[in-house]
Amino acid sequence: GIADASIEDALVIAVIGLLLIPLLSPLIVHFSGGPIIPINTVRLLINLLLYIIIPLVLGYLTRHLLIRKKGQPYFMHIKQYFPGLSAIGILLIVFFSVAKVAPKVIQQPIVFLLVAGGLLIYYLIQTTLSLFIAKVFNLSYPQGMILILGAAASSQAISLAVTVTMFGSLTV
C-alpha cells in the first residue's frame with residue numbers, strides 16, 4: 001500500500017471518514033467561520049451528498065454488481081487497474097482545473113500565493129497533529145501513515161464541499 005501502510009486499515013479509516021464528513025462538516029464550518037461568513041447549510045449538505053455520499057454508494061454498487069455478474073476472481077483480476085485509472089482521473093481533473101484558472105493566476109499571482117501559503121500551513125498543522133496522535137496512541141508506522149493520509153483525504157473532501165458551497169462558479 002501507500003507508504004507501506006495497511007490497506008485494510010486504510011479502507012476502514014477512509015470509509016469511516018467519508019461517512020462522518022456529512023455529519024461533521026456543518027459543525028466544522030459553523031465553528032470555524034460560520035459566524036463570520038454566511039454559509040448555506042442546506043446547500044453544503046447537498047454538495048456533500050453529490051461529491052461524497054453518491055460516489056461512495058455508486059462505487060459500492062459497482063463493486064457489488066461486478067462481483068455478482070462476473071464473479072470474485074474477475075473482480076480481483078481487474079481490481080489491480082483501479083488505482084491507475086483513479087490516478088489518471090485525478091490528474092485530468094487537476095489539469096483541466098489548473099488550465100481553467102491559469103489566466104486568473106497569472107493576472108493575480110498574490111491570490112495563488114496566499115491560498116498556497118494557507119494550504120501549506122494547514123497541512124503542516126494537520127500532519128503534525130496526526131503524528132502527535134499516532135505517537136500518543138502508540139500506533140505502528142503503517143497505522144500512523146493511514147491516519148495521516150486518511151486525515152488529508154477527509155480534509156480535501158470537506159474543503160471541496162465547502163468551497164463549492166461558498167464560491168460556486170469560482171471553484172476550480
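Computed from a predicted structure; not experimentally measured.

Visitor: I would appreciate a short explanation of the overall build of the protein in the present structure.
Guide: A count of helices and strands for the protein gives six helices and zero strands. N-terminal to C-terminal, the α/β element order of the protein is α-α-α-α-α-α. Out of the 172 residues belonging to the protein, those deemed buried represent 20%. Considering only contacts in the protein between residues 6 or more positions apart, those separated by 24 or more positions represent 67%. Roughly 12400 Å² of accessible area belongs to the protein as shown, and the carbon and sulfur atoms make up 76% of that amount.

Visitor: Looking at this structure, how should I read helix α4 (residues 82-107)?
Guide: Note that an α-helix has 3.6 residues per turn; residues three or four places apart therefore point the same way. A rise of 1.5 Å per residue sets the reference length of α4, with its 26 residues, at 38 Å; its end C-alpha atoms lie 38 Å apart and thus fit the reference within 8%. Taking the largest bend as the criterion, α4 deviates by roughly 50°, centred on valine 101, and proline proline 103 comes between one and four positions later.

Visitor: Explain the packing of aromatic side chains to me, please; I cannot follow it from the model alone.
Guide: Describing an aromatic ring pair means giving the distance of the ring centres and the angle of the ring planes. According to the stated counting rule, one finds one aromatic pair in the structure shown. In this structure, lysine 70 packs its charged tip against the face of tyrosine 74, placed 5.4 Å from the ring centre.

Visitor: Mind showing me how you'd approach unusual backbone geometry here?
Guide: Backbone geometry follows two general trends: most residues other than glycine have a negative phi, and most peptide bonds adopt the trans configuration. A positive phi angle, close to 55°, is found at asparagine 138, a residue other than glycine. Counting through the fold element by element, asparagine 138 comes out in the loop between α5 (109-136) and α6 (141-167). Asparagine 138 gets classed as exposed once you look at its relative accessible area, which sits at 68%.

Cut-offs applied
Residues numbered from 1 in each chain as written. Predicted model: local features only at pLDDT ≥ 70, side-chain atom pairs only at ≥ 80, totals over all residues. Heavy atoms only, no water. Helix = DSSP H or I, 4+ residues; strand = E, 2+ residues; numbered from the N terminus. Buried < 20%, exposed > 50% of the residue type's maximum accessible area, 1.4 Å probe, protein only. Contact = heavy atoms within 4.5 Å. Areas by Shrake-Rupley, 256 points an atom, 1.4 Å probe, with all protein chains shown as cover. Expected span 1.5 Å × (residues − 1). Bend = angle between axes of the 7 residues up to and from the residue. Phe/Tyr/Trp six-rings, centres within 6.5 Å; stacked < 30°, edge-to-face > 60°. Lys NZ or Arg CZ within 6 Å of the ring centre and 35° of its normal.

By themselves, these observations are geometric and do not establish any function.
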